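Breakdown of the fold
This is what each chain is made of:
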Amino acid sequence: MDIIDTIKEQIANNTILLYMKGSPNAPQCGFSARAAQVVMACGEKFAYVDILQNPEIRANLPKYANWPTFPQLWVAGELVGGSDIMTEMFEKGELQTLIKDAAEKAKAE
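Computed from a predicted structure; not experimentally measured.

1. Some points on the sheet that holds strand 5 (residues 72-75)
Spatially, four strands are ordered 4-1-5-6 in an open sheet, and the strand pairing comes out mixed. With partners counted over all chains shown, the strands left at the sheet margins are strand 4 (47-50) and strand 6 (78-81), one partner each. Sheet twist, expressed as the average angle between the axes of neighbouring strands with direction ignored, equals 25°. When strand 1 (residues 16-20) meets strand 4, the two strands line up parallel, connected through four bridges. In the strand pairing of strand 4, tyrosine 19 is matched with valine 49. Contacting strand 1, strand 4 and strand 5, helix 1 (residues 3-13) runs over the sheet at an angle of about 135° to strand 1. Helix-sheet contacts for helix 5 (residues 94-108) involve strand 1, strand 5 and strand 6, and the interaxial angle to strand 5 is about 45°.

Encoded structure:
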């Protein structure tokens, strides 16, 4: 399977998906650590992909997403953004709403 198809499939199959360096419990960079913390604080289950273990995804996702950096949060098939945007949205209460609504919609489907 083409790597772009793999990425599309991951995004389609996971309502809340975080592409990050490392894992939520063992992040490999400060930005990924912050991103994982704010997503976990929203209280819904989420999937993650460790881009350090997946060099092809690391190389191709920025082109597909048109977003150069990691981490990247995808919710309901849409790119939310990186850790700065996520932190800002979390502080305003917007990220919690976005994630909660997406999770509830996915459970209903």
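2. Side note on the UniProt feature "binding site: [2Fe-2S] cluster" (unreviewed entry) in the chain
The sites that UniProt annotates as "binding site: [2Fe-2S] cluster" (unreviewed entry) are Cys29. If you trace the backbone, cysteine 29 turns up in the loop between strand 3 (26-27) and helix 2 (30-41).

3. Here we look at the packing of aromatic side chains
Enumeration over the complete set of coordinates arrives at one aromatic pair. Between tyrosine 64 and tryptophan 74, the ring centres sit 6.1 Å apart and the planes meet at 25°, which makes this aromatic pair stacked. On the criterion of sequence distance, the pair formed by tyrosine 64 in helix 3 (residues 55-65) and tryptophan 74 in strand 5 is long-range, its members being ten residues apart. Judged by relative accessible area, tyrosine 64 falls into the partly exposed class, the value being 33%. The class for tryptophan 74 is buried, based on a relative accessible area of 6%.

4. Concerning the nonpolar core
If you look at soluble globular proteins, the nonpolar side chains tend to sit buried side by side. If you look at the biggest cluster of nonpolar residues, it comprises 18 residues, and the most contacted ones within it are Ile16, Leu18, Val39, Leu73, Met86, Leu95 and Ile99. For this core, the secondary-structure elements that each account for two or more residues are strand 1, helix 2, strand 5, helix 4 (83-92) and helix 5. Apart from the residues within four sequence positions on either side, isoleucine 99 is in contact with Ile16, Val39, Cys42, Glu44, Leu73 and Val75. Ile11, Ala47, Val49 and Ile57 belong to the second largest nonpolar core, which has 13 residues in total.

Rules used throughout
Residues numbered from 1 in each chain as written. Predicted model: local features only at pLDDT ≥ 70, side-chain atom pairs only at ≥ 80, totals over all residues. Heavy atoms only, no water. Pairing = 2+ DSSP bridges. Helix = DSSP H or I, 4+ residues; strand = E, 2+ residues; numbered from the N terminus. Axes fitted to C-alpha atoms, helices over the stretch in contact; angles between N-to-C directions. Contact = heavy atoms within 4.5 Å. UniProt positions renumbered as here; feature names shortened; annotations may be inferred. Phe/Tyr/Trp six-rings, centres within 6.5 Å; stacked < 30°, edge-to-face > 60°. Buried < 20%, exposed > 50% of the residue type's maximum accessible area, 1.4 Å probe, protein only. Core = buried A, V, L, I, M, F, W, Y, C linked by side-chain atoms within 4.5 Å.

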